[in-house]
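Examination of the molecular architecture
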Amino acid sequence: QKEVEQNSGPLSVPEGAIASLNCTYSDRGSQSFFWYRQYSGKSPELIMSIYSNGDKEDGRFTAQLNKASQYVSLLIRDSQPSDSATYLCAVKPRSGAGSYQLTFGKGTKLSVIP
Amino acid sequence: DAEITQSPRHKITETGRQVTLACHQTWNHNNMFWYRQDLGHGLRLIHYSYGVHDTNKGEVSDGYSVSRSNTEDLPLTLESAASSQTSVYFCASSAGPTQPQHFGDGTRLSIL
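First things first, this report covers the structure right here in the doc. Model, not experiment: these values are computed from the prediction. (Residues numbered from 1 in each chain as written. Chains lettered and ligands numbered in written order. Predicted model: local features only at pLDDT ≥ 70, side-chain atom pairs only at ≥ 80, totals over all residues. Heavy atoms only, no water.)

**Thoughts on the overall build of chain A**
Threshold: Each helix is a run of H or I in the DSSP string that is no shorter than four residues. Each strand is a run of E no shorter than two, and both are numbered from the N terminus. Radius of gyration means the value over C-alpha atoms here, while the globule rule gives 2.2 Å times the residue count to the 0.38 power. Only protein chains enter the area calculation, which uses a 1.4 Å probe; residues under 20% of their type maximum are buried, those over 50% are exposed, and those in between are partly exposed. Where accessible areas are quoted, they stem from the Shrake-Rupley method and a 1.4 Å probe; at the residue level, only the protein chains shown are allowed to cover. Charged-residue counts in this description rest on Lys and Arg as positive and Asp and Glu as negative, His and the chain ends being excluded. Charge coordinates come from a single atom per side chain, which is NZ of Lys, CZ of Arg, CG of Asp or CD of Glu.
Regarding its fold elements, chain A presents 0 helices and 11 strands. Shown N-terminal to C-terminal, the secondary structure of chain A runs as helices and strands in the order β-β-β-β-β-β-β-β-β-β-β. The C-alpha atoms of chain A give 14 Å as radius of gyration, which agrees with the globular expectation for 114 residues (13 Å, within 12%). Taken along its principal axes, the extent of the C-alpha atoms in chain A is 45 × 30 × 20 Å. The proportion of buried residues among the 114 residues of chain A is 45%. Put simply, chain A shows about 5,400 Å² of open surface, and 46% of that area lies on carbon and sulfur atoms. The distance from the centre of the 12 positive side-chain charges to the centre of the 10 negative ones in chain A is 7 Å.

**A closer look at the sheet that holds strand S3 (residues 19-25) of chain B**
By way of backbone hydrogen bonds, the strands of a sheet pair with one another, either parallel or antiparallel. Residue and element names in this part refer to chain B. To keep it simple, the criterion reads: Strand pairing is assigned whenever DSSP identifies at least 2 bridges connecting the two strands. The axes are straight lines fitted to the C-alpha atoms, using for helices just the contacting stretch, and the angles between their N-to-C directions are given from 0 to 180°.
One open sheet holds the 4 strands; their spatial order is S1-S3-S8-S7, and the pairing between them is antiparallel. Each end of this open sheet is capped by a strand with a single partner; those strands are strand S1 (4-7) and strand S7 (64-66). Between one strand and the next, the sheet's axes are offset by a mean angle of 20°, whatever the strand orientation. Pairing between S3 and strand S8 (residues 76-78): 3 bridges, direction antiparallel. Along S8, the bridge assignment pairs Leu21 with Leu76.

**Remarks on the state of the cysteines**
Residue and element names in this part refer to chain A. To keep it simple, the criterion reads: Criterion for a disulfide: a pair of cysteine sulfur atoms within 2.5 Å.
Scanning the model with the defined rule gives 2 disulfides over all chains in all. The side chain of Cys23 participates in a disulfide bridge whose partner is Cys89; the two sulfur atoms lie 2.1 Å from each other. Residues Cys23 and Cys89 are joined by a disulfide whose S-S torsion is about -75°; by sign, that bridge is left-handed. Residue Cys23 is found in strand S3 (residues 19-25), and its partner Cys89 is found in strand S9 (residues 85-92); the two are separated by 66 residues along the sequence.

**Things to note about the sheet that holds strand S1 (residues 4-6) of chain A**
Residue and element names in this part refer to chain A. Spatially, S1-S3-S8-S7-S6 is the arrangement adopted by the 5 strands of the open sheet, whose pairing is antiparallel. Bordering the open sheet on either side are S1 and strand S6 (54-58), each of which pairs with just one other strand. Going across the sheet, the axis of each strand differs from the next one's by a mean of 20°, ignoring polarity. Here S3 runs beside strand S8 (residues 71-76); their pairing, made up of 6 bridges, is antiparallel.

Scope: geometric values only; no functional claims are made or implied.
So this is what it looks like as structure tokens:
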């Protein structure tokens, strides 16, 4: 059973601080990793993709991947109230049957306090 | 711009009725997916398709069916709606095995 684990939160941070969201996964052969943002009552929206070990930065967002530790994280710098949402971690397993599927974590709810 | 649209956005129906939720994408993606999202469970895969005439069962496929007659559409049918199928349903599509999935706006389905 492939699993993706996230702390459900809520994670509360003050405006302007760094928010750190974490995700662990069980399938060691996983190849692709995605972070989605979901506002209440809305659909998931892709914000970051990462495929290799290390950091990937896009504006205020940085995704970090450590395949040896089976760990992926999302950092949000200069957090804004508009960042308040649930963040979903999604993992694509190794190649083979069902390899187009994603396994989603249950999400971490982030609240940025003005 | 390419997009993925779901209809209806909201639906209320009665137990035992057949319900079909529509999903239409203009990305020309071969891969399409249906999920349901419930509190405490996150997104769970119902059915998916890798191309025309291809359909596969996901984690929670009982009571649901799909058909893929063209690239653009993957309708989801609840053969005999049950109250346990009250949920928010999302359709998604992707271009390939390493590519992310893009989601429609969802359908909120209530079964009374």
